[in-house]
Amino acid sequence: SGSGTYTAALNLAALSNGSHTIALKATDSLGNTRTETRTITVSHAAPAAPTLSQPANGLVTRTATQTVVGKSIASASVQLFNNGIAVGTPVVAAANGNFSLPVTLQSGVNLLQATATDAWGTSALSAGLTVTLDTSVPAAPSNLAASAQLQGKIKLSWTKAADPNVVDPDPATRGTVWLSDTPD
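Since this is a predicted model, take the numbers as computed values, not measurements.

Caption draft 1: Seen up close, the nonpolar core. Residues Leu 52, Val 68, Val 78, Val 103, Leu 105 and Leu 112 are the most contacted members of the largest nonpolar core, which totals 14 residues. Within the residue set of this core, elements represented by two or more residues are β6 (77-82), β8 (98-104), β9 (108-118) and β11 (129-133). Ignoring sequence-local partners within four residues, the contact set of Val 68 consists of Leu 52, Gln 54, Pro 55, Leu 80, Phe 99, Ser 100, Leu 101, Val 103 and Leu 112.

Here it is, written out as structure tokens:
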């Protein structure tokens, strides 16, 4: 161009992290050459931490096996952590960044987090989801009473437990069951 200023594009994405030497070589019309070298340091940023969307934060469950769903950068290797300890085998995020990983919860509070790893490093831990595995035994019903009835029947009655984890198998009976050794 005759202006004495030149530019050239350098694709850093193809370079690994670390020190690299670039060389500029100028040759005049008489064949004289001069080479200038410069050292550059490439330091690609590690990927952003993944985001977790499932299971719901604050979930209390009696089901130990859960699926953790989230989003990361495309093709990153995603590692799941439970209470700060790596669990399971990392999975590769899909082209849209979506991933899912199974986890077996420990009894009590579980803090689920993940990292993403690509060619340039490993992210920080993601924001956590807290999931509680409740393995406690539900409270028993109280005030069980049996009373004899006519025709060989027995009437059982009780007060349902106040424990919210107790499931009433037959709400229609409302704490009363009729037993008989003969069909009605």
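Structure's up, so let's keep going.
Caption draft 2: Representation of the environment of Thr 132. Position of Thr 132 among the secondary structure elements: in strand β11. The partly exposed category is assigned to Thr 132, whose relative accessible area is 22%. With 74 residues separating them along the chain, Thr 132 and Gly 58 place their C-alpha atoms 7.3 Å apart. Discounting chain neighbours no more than four positions away, the residues touching Thr 132 are Leu 59, Val 60, Thr 61, Gly 108 and Val 109.

Caption draft 3: Spotlight on the pattern of salt bridges. Taken as a whole and judged by the stated rule, the model has 3 salt bridges. With a closest N to O distance of 3.2 Å, Glu 36 and Arg 38 form a salt bridge. Judged by relative accessible area, which is 29%, Glu 36 ranks as partly exposed. Residue Asp 134 pairs with Arg 62 through a salt bridge whose shortest N-O separation is 3.7 Å. Within this pair, whereas Asp 134 is found in the loop between β11 and β12 (142-148), its partner Arg 62 is found in the loop between β4 (59-61) and β5 (65-71), the two being separated by 72 residues in sequence.

Caption draft 4: The sheet that holds strand β3 (residues 51-54), seen in detail. The 3 strands lie next to each other as β3-β5-β8, forming an open sheet whose pairing is antiparallel. Either end of the sheet is taken by a strand with one partner, and the two such strands are β3 and β8. For this sheet, the mean inter-axis angle between neighbouring strands, taken without regard to orientation, is 35°. Note: β3 against β5, 3 bridges, orientation antiparallel. Within the sheet, the bridge partner assigned to Gln 54 lies in β5 and is Val 69.

Calculation notes
Residues numbered from 1 in each chain as written. Predicted model: local features only at pLDDT ≥ 70, side-chain atom pairs only at ≥ 80, totals over all residues. Heavy atoms only, no water. Core = buried A, V, L, I, M, F, W, Y, C linked by side-chain atoms within 4.5 Å. Buried < 20%, exposed > 50% of the residue type's maximum accessible area, 1.4 Å probe, protein only. Helix = DSSP H or I, 4+ residues; strand = E, 2+ residues; numbered from the N terminus. Contact = heavy atoms within 4.5 Å. Salt bridge = Lys/Arg side-chain N within 4 Å of Asp/Glu carboxyl O. Pairing = 2+ DSSP bridges. Axes fitted to C-alpha atoms, helices over the stretch in contact; angles between N-to-C directions.

Keep in mind that these numbers describe shape and distance, not what the molecule does.
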